[in-house]
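Structure assessment
Next come the chains, spelled out residue by residue.
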Amino acid sequence: MTPQSDESEPNVGPTEWQSTNTPIGLGPWGTERGGPPPADPKFDPTLLADGDSRNVVDAYRYWTREAIVADIDTRRHPFHVAIENFAHDANIGTVVRTANAFAAAAVHIVGRRRWNRRGAMVTDRYQHIEHHETVADLIAWARTEGLAVVAVDNTPGSVPLETAELPRECVLLFGQEGPGVSDDAQSAADLTVSIAQFGSTRSINAGVAAGIAMHAWIVRHADLDQAWS
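Criteria and thresholds
- Residues numbered from 1 in each chain as written.
- Predicted model: local features only at pLDDT ≥ 70, side-chain atom pairs only at ≥ 80, totals over all residues.
- Heavy atoms only, no water.
- Helix = DSSP H or I, 4+ residues; strand = E, 2+ residues; numbered from the N terminus.
- Contact = heavy atoms within 4.5 Å.
- Areas by Shrake-Rupley, 256 points an atom, 1.4 Å probe, with all protein chains shown as cover.
- Core = buried A, V, L, I, M, F, W, Y, C linked by side-chain atoms within 4.5 Å.
- Buried < 20%, exposed > 50% of the residue type's maximum accessible area, 1.4 Å probe, protein only.
- Phe/Tyr/Trp six-rings, centres within 6.5 Å; stacked < 30°, edge-to-face > 60°.
- Pairing = 2+ DSSP bridges.
- Axes fitted to C-alpha atoms, helices over the stretch in contact; angles between N-to-C directions.
- Arc of directions from axis to C-beta.
- 1 Å grid on protein atoms, 1.4 Å probe; cavity = no way out; pocket = protein on both sides within 12 Å on 5 of 7 lines; lining within 4 Å.
- Points joined across faces, edges and corners; volume = space filled by probe spheres on them.

**Concerning the overall build of the protein**
Helices and strands together make up the secondary structure of the protein, namely 8 helices and 7 strands. Relative to all contacts within the protein whose residues are 6 or more apart in sequence, the contacts with residues 24 or more apart total 67%. As displayed, the protein has an accessible area near 11,900 Å², and 52% of this comes from carbon and sulfur atoms.

Here you go:
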C-alpha cells in the first residue's frame, strides 16, 4: 500500500484555479463520514486514518493506487498518445495529465526515457506509460497492435482535425515544441491532422495541442454518460 505522504500534493497546483485557503480532499474517515472505516481491500488504511488530499476525483477518495488503476483499466479508451522526446520536451507532463483525464489507453514516450514529471501532477501514477527508443519502434508496435498512427501537426497536406475522421483505435502522435512531428514520424503516419488557427502565432503549444486532439477523439467516440462530470 502507498502511504499518503508519497501521494500528497501541494494545496494548489500550477494550473489549479483555487484559493490557497481552499481545502483539498477529505480528512480522516471518522471525521468525514463517521462510523468504522470500511474493510474493503480497495481502501488504504493510512488514507482512511489520516485523510486523503491526493489529486483524484472524489469517487476514488481513500482508495489505494492499485485499486484506482484497476478501476480505470476497466474503462480506458482505445486511443493511445505518443510524444517525441528527443530534447527533453517540457510538455510531456501536461500530456500525461491530460491523457489521464481522458482515460487514454497509454502514453508512449519516444526517444529519451527521462522526462519532467512536474507537469503531470502525480497523474503518472495512474496512467500507463510506455517507452520506445525510436519512431520506427513505435510504428512497429502500432502496426502489431492494429492501431492507426495519426500525426498531429500543422504541415502541408494535413487534414483539418475539426472535420477529420479520427480512427477509434489509434495512436495520436505529437512532436516536440518547436520542430513539431519529425520527418520519420510524418512519413510513417497513416493520417496527419492539423488544428485550425486564426491568430498570428505559427503553432500551438504541444501540450495544448495534445489536449485539443484528445478531446476531439472524446467528442467523436466516447460515451459521455461515463464521464465524472
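Now that the structure has been shown, we can carry on.
**Quick notes on the nonpolar core**
Ranked by internal contacts, the top residues of the largest apolar core, which has 32 residues, are Phe 79, Val 81, Leu 172, Phe 174 and Met 214. Elements with a minimum of two residues in this core: strand S1 (79-85), helix H5 (92-101), strand S2 (107-111), strand S4 (148-152), strand S6 (170-174) and helix H8 (206-221). Ranked by the residues each element gives to this core, the list is headed by H8, at 7 residues. Once residues lying within four places of it in the same chain are set aside, the contact partners of Val 81 are Val 95, Ala 99, Ala 104, Ala 106, Val 107, His 108, Leu 172, Phe 174 and Met 214.

**Digging into the packing of aromatic side chains**
The full count for this structure, using the stated rule, is 5 aromatic pairs. Here Tyr 60 and Trp 228 contribute two aromatic rings whose centre-to-centre distance is 5.5 Å and whose plane-to-plane angle is 80 degrees, an arrangement assigned as edge-to-face. Here Tyr 60, found in the loop between helix H3 (45-50) and helix H4 (65-73), pairs with Trp 228, found in the segment after H8; they are 168 residues apart in sequence, far enough to count as distant. The buried category is assigned to Tyr 60, whose relative accessible area is 4%.

**Considering the sheet that holds S1**
Sheet architecture is open: 7 strands sit in the order S3-S2-S1-S6-S4-S7-S5, paired in parallel fashion. Single-partner strands in this sheet number two, and they are strand S3 (129-132) and strand S5 (159-160). Pairing geometry for S2 and S3, over 4 bridges, is parallel. Pairing of His 108 across the sheet is with Glu 130, part of S3. Helix H6 (residues 135-145) rests against S1, S2, S3, S4 and S6 of the sheet, and its axis sits at about 145 degrees to S2. Packing against the sheet, H8 makes contact with S1, S4 and S6, and its axis sits at approximately 160 degrees to S6.

**Focus on H6**
Among the residues making up H6, those that are buried are Val 135, Leu 138, Ile 139 and Ala 142. For H6, the angular spread of the buried residues around the axis is 95 degrees, confining them to a single face. Facing away from the buried surface of H6 by more than 90 degrees, the exposed residues are Ala 136 and Thr 144. Looking at the buried positions of H6, the neighbouring elements they touch are S1, S2, S3, S4, S6 and helix H7 (183-188). Backbone geometry just after H6 places Gly 146 at a positive phi near 75 degrees.

**Considering the layout of surface pockets**
The calculated volume of the second largest pocket comes to roughly 340 Å³. Considering the residues around the second largest pocket, the lining is formed by 20 residues, among which Asp 153, Asn 154, Gly 180, Ser 203 and Ile 204 are closest to the centre.

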